[in-house]
Amino acid sequence: EASNARHFTCVFYSDVDRQNLLSEQDMENRMHGALERGEFVAYFQPKQRLADGSIGGAEALVRWIDPVRGLVPPDDFVPYFERNGFIINVDLCVFEQVRALLASWIEQGRQPVPISVNMSRAHLREQDFLTPYEQIRARYGVPASLIEFELTETLVFGDPETFMGVINLLHARGYRCSLDDFGSGYSSLNVLKDVDIDTMKLDRAFFSAGDDAGQREWDVVESVVDLAKKLDLGTVAEGVEEPGQAARLRAINCDMLQGYVFSRPVPVAEFEQMLFGA
Ligand code: C2E
Ligand code: MG
Ligand code: MG
Ligand code: MG
């Protein structure tokens, strides 16, 4: 019964004040229409180069702009769409927005920066998962080297062979690849010797202590950055919120940071404003 379902939803989420959370049935009913109406919108979180403070790229992060509920964050719908497979459509929709943005910069003679997109593991169940991406790519003349795919560490450590196959395929088409959320879970350093990624994104768990982090925490971060450098990987520190952390990351030669200390994820117009000015 519908009233029962609502009752349970309320009870479950009441303590975190999430009455507006979409039920799974709601999402199922509305996701196709939402896609058609353009409600899945890419926001952009700039990555700051620590060497000179400039913007070295950005990550595209999806938001569901729901006419009733307003901005719905990905944590409220991405996990569900990963289970029902709809995330494939959302990822392609984000990719299309990124492609269009890069194409418009090139057309206007602006200097583009690389943009990364998240690729859900759901794609990898499909034999030819790259074909729809390549079809979108063929529609615009944007070099693949300006696009980076972020793949999460749970994927590589869960199934390293599939992961390596995916990386090889992406590289063969000219895309760059990063390992997202490194250090968030059951990272095995051993796997790093086999996976030919371009960039390591240090999970924000490394930085959650803020300016309270002690020498041990920083020794770990520095060692991970050094390891990445030895393996010729770029490094991006995620979830950095304090200026003191940014300064230390710069001192240990981390390449870039992506965090609230520099910018939150912002709508495309605001991102272009940051990049190019008025
Ligand atoms: P992620 O790929 O690891 O993205 C980084 C997340 O960290 C973003 O959350 C970003 O807003 C957040 N973040 C960045 N800096 C800070 C900070 O200084 N402090 C804090 N507290 N958070 C920070 P967001 O946008 O809510 O996305 C959450 C997750 O949802 C993403 O984690 C990613 O796993 C997933 N996601 C987002 N967009 C997409 C998408 O288009 N496709 C897929 N498959 N997954 C997506
Ligand atoms: Mg990511
Ligand atoms: Mg991440
Ligand atoms: Mg994450």
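Residues numbered from 1 in each chain as written. Chains lettered and ligands numbered in written order. Predicted model: local features only at pLDDT ≥ 70, side-chain atom pairs only at ≥ 80, totals over all residues. Heavy atoms only, no water.

Per an unreviewed UniProt entry, the recorded name for the chain is EAL domain-containing protein, and the organism is Gordonibacter urolithinfaciens.

At this site the magnesium ion (ligand 2) is bound by Glu59 (OE), Asn118 (OD1), Glu150 (OE) and Asp180 (OD), with donor distances of 2.0 to 2.3 Å. The distance between the magnesium ion (ligand 2) and the magnesium ion (ligand 3) comes to 4.0 Å, and Asp180 binds to both of them. Residue Glu59 is found in strand β2 (residues 55–66), and its partner Asn118 is found in strand β4 (residues 115–118); the two are separated by 59 residues along the sequence. (Donors = N, O, S within 2.8 Å, 3.2 Å for Na, K, Ca; no water. Helix = DSSP H or I, 4+ residues; strand = E, 2+ residues; numbered from the N terminus.)

Attention shifts here to the packing of helix α8 (residues 215–230) against helix α9 (residues 243–251). Contact geometry for α8 and α9: axes closest at 11 Å, N-to-C directions at 45°. Considering the angle they form, α8 stands oblique to α9. For the pair α8 and α9, the sense of crossing is right-handed. Together, Gln215, Trp218 and Val221 of α8 and Gln245, Arg248 and Leu249 of α9 make up the contact between the two elements. Each residue belonging to the contact of α8 with α9 can be placed in one class, and the counts come to 3 nonpolar, 2 polar and 1 charged. (Axes fitted to C-alpha atoms, helices over the stretch in contact; angles between N-to-C directions. Parallel < 35°, antiparallel > 145°, perpendicular 65-115°, else oblique. Left-handed = near helix turned anticlockwise from the far one by under 90°. Contact = heavy atoms within 4.5 Å. Nonpolar A, V, L, I, M, F, W, Y, C, P; charged D, E, K, R; others polar.)

Turning our eyes to something else, we now look at the side chain of His123. Mapped onto the elements of the fold, His123 is located in the loop between β4 and α5 (130–139). In this structure His123 touches Ile87, Ile88, Asp91, Phe129 and Tyr133, once residues within four positions along its chain are discounted.

Attention shifts here to the pairing of β4. Where β2 and β4 come together, 2 bridges link them in parallel fashion. Looking across to β4, one finds that Ala58 is bridged to Ile115. As defined by bridge partners, β4 adjoins strand β5 (residues 147–152) across 4 bridges and the pair is classed as parallel. When the sheet's bridge partners are listed, Asn118 is paired in β5 with Glu150. One crossover worth recording links β4 to the parallel β5 by way of α5, and it is right-handed. (Pairing = 2+ DSSP bridges. Right-handed = clockwise from strand over helix to strand, strands pointing away.)

Take the packing of helix α4 (residues 87–107) against α5 next. Between α4 and α5, whose axes approach to 10 Å, the crossing angle comes to 20°. What the angle tells us is that α4 and α5 run roughly parallel. Helix-helix and strand crossings are classified by hand; for α4 and α5 the assignment is right-handed. Contacts from Asp91, Leu92, Phe95, Glu96 and Arg99 in α4 reach Pro132, Tyr133, Ile136, Arg137 and Arg139 in α5.

Our focus in this paragraph is the nonpolar core. Counting residues in each nonpolar core, the largest one holds 82 residues, and the members touching the most others are Phe40, Phe81, Ile115 and Leu249. Residue contributions to this core peak at 12 residues, all from α4. When residues no more than four places from it in sequence are discounted, the contact partners of Ile115 are Phe44, Ala58, Ala60, Val98, Leu102, Trp105, Leu146, Ile147, Glu148 and Phe271. (Core = buried A, V, L, I, M, F, W, Y, C linked by side-chain atoms within 4.5 Å. Buried < 20%, exposed > 50% of the residue type's maximum accessible area, 1.4 Å probe, protein only.)

Next up on the list: the site of ligand 1. Taken together, the neighbourhood of ligand 1 is formed by 24 residues, with Arg63, Asp91, Asp180, Glu241 and Tyr260 sitting nearest. Take Asn118: an N or O atom from its side chain is 2.9 Å from an oxygen atom of ligand 1. When ligand 1 is considered free in solution it has 800 Å² of accessible area, and contact with the protein chains removes 86% of it. Looking at the shell around ligand 1, the elements with two or more residues in it are β2, α4 and β6 (176–182). Among the residues making up the shell around ligand 1, the classes are represented as 9 nonpolar, 6 polar and 9 charged. (Near = heavy atom within 4 Å. Polar contact = N/O pair within 3.5 Å; in protein donor to acceptor, adjacent residues only side chain to side chain. Areas by Shrake-Rupley, 256 points an atom, 1.4 Å probe, with all protein chains shown as cover.)

What follows deals with the pairing of β6. Regular strands place their side chains on alternate faces of the sheet. Of all 7 residues making up β6, 5 are buried, and the element is well covered by its neighbours. Relative to β6, β5 runs parallel, the two sharing 5 bridges. Bridge pairing links Thr152 to Asp180 in β6. Both β6 and strand β7 (residues 199–202) contribute to a ladder of 3 bridges, which runs parallel. If you follow Leu179 over to β7, its bridge partner there is Met200.

The next subject is unusual backbone geometry. Phi at Asp181 is positive, roughly 60°, even though this residue is not glycine. Assignment of secondary structure puts Asp181 in strand β6. Even without being glycine, Asp232 reaches a positive phi, approximately 70°. Its place among the elements puts Asp232 in the loop between α8 and β8 (234–238). Given a relative accessible area of 69%, Asp232 falls into the exposed group.

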